[in-house]
Amino acid sequence: MLDRIAAAAREAGRDPGDVTLVAVSKQQPDERIEAMLAAGQRVFGENRVQEARVRWPPRRAGVELRLIGPLQTNKAREALALFDVIETLDRESLARTLADEIQRAGAAPRLMVQVNTGEEPQKAGVRPPQADAFIAACRARDLPVEGLMCIPPELEPPERHFTLLAKIAGRNGLAKLSMGMSADYEVAIRCGATSVRVGSALFGGRVPR
Ligand SMILES: *Cc1c(COP(=O)(O)O)cnc(C)c1O
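Residues numbered from 1 in each chain as written. Predicted model: local features only at pLDDT ≥ 70, side-chain atom pairs only at ≥ 80, totals over all residues. Heavy atoms only, no water.

## Details of helix α5 (residues 92–105)
- For α5, built from 14 residues, the straight-helix expectation of 20 Å at 1.5 Å per residue is met to within 8% by its first-to-last C-alpha distance of 20 Å.
- The set of residues buried in α5 consists of L94, A95, T97, L98, A99, E101 and I102.
- Against the buried residues of α5 lie α4 (76–82), β4 (85–89), β5 (110–114) and α6 (128–140). (Helix = DSSP H or I, 4+ residues; strand = E, 2+ residues; numbered from the N terminus. Expected span 1.5 Å × (residues − 1). Buried < 20%, exposed > 50% of the residue type's maximum accessible area, 1.4 Å probe, protein only. Contact = heavy atoms within 4.5 Å.)

Following this line, the structure appears as structure tokens:
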């Protein structure tokens, strides 16, 4: 996996060190996670607070943990305690709650704004026409937004969505782009991804409980 990521980066004329592999461990058995840790992988993504809360506290040393799934405002405090990065800042009420909780805790995670590039009704994320204003509103609250994240529509070629995300990040001065999953991480790297979120292609199929 790391070989393919590095090759895709080089083909795009990019430094392989500028692309982080986020190993998406949701619904994966503990043995596979232990094996990944033993192999030296240190950055992991989870999509649910509840699952991360059970899995990660005993294995947390030296690990960077990212929340890549929707965050309910009533779980914001717990998410701040668990995660180094929250990639799914997607609405004003969450921005407000996170700003309050960060102040209370005296420490902030790194943040990414999720953009609903396909404007899909069932999907989280700010819509592209609202993205600039939302990013500005987050900055006005002193939220440390470092980049953007997207999940393109399942049945469309992803390039257009990755390119749109890169464009919104560029005009807002944001350096980080979380985009690309098992099926399309190489495409995402060509489009400028600085992190790719890969689950099944890395661990094998998920095993729902
Ligand atoms: C599950 C998930 C992934 C990983 O999906 P794969 O197709 O297994 O690589 C990436 N991003 C998000 C937001 C996810 O929920």
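Once the structure has been displayed, the description carries forward.
## Examining the nonpolar core
- In this structure, L89, L98, L143 and L148 are the most contacted members of the largest nonpolar core, which totals 58 residues.
- Counting residues per element, this core draws most heavily on α5, which supplies five residues.
- When neighbours within four sequence positions are excluded, L98 is seen to be in contact with L71, A76, L80, I86, L89, L111 and L143. (Core = buried A, V, L, I, M, F, W, Y, C linked by side-chain atoms within 4.5 Å.)

## Regarding the pairing of strand β3 (residues 64–67)
- With burial as the criterion, each face of β3 is covered, one bearing E64 and R66 and the other bearing L65 and L67.
- In the sheet, strand β2 (residues 43–46) pairs with β3 via four bridges, with the strands oriented parallel. If you follow G45 over to β3, its bridge partner there is R66.
- Regarding the hand of the β-α-β motif, the stretch spanning β2, helix α3 (residues 49–55) and β3 is right-handed.
- Taken together, the two bridges between β3 and β4 define a ladder with parallel strand orientation. (Pairing = 2+ DSSP bridges. Right-handed = clockwise from strand over helix to strand, strands pointing away.)

## So, the pattern of salt bridges
- Counting across every chain of the model gives 20 salt bridges.
- With a closest N to O distance of 2.3 Å, E34 and R59 form a salt bridge. Of this pair, E34 sits in helix α2 (residues 30–38) while R59 is found in the loop between α3 and β3, placing the two residues 25 residues apart along the sequence.
- Under the relative-accessibility criterion, E34 is labelled partly exposed at 36%.
- Overall, R59 belongs to the buried group, its relative accessible area being 17%.
- Between E146 and R110 there is a salt bridge, with its nearest N and O atoms 3.0 Å apart. Taken together, the residues span a long stretch of sequence, with E146 in strand β6 (residues 145–149) and R110 in strand β5 at a distance of 36 residues. (Salt bridge = Lys/Arg side-chain N within 4 Å of Asp/Glu carboxyl O.)

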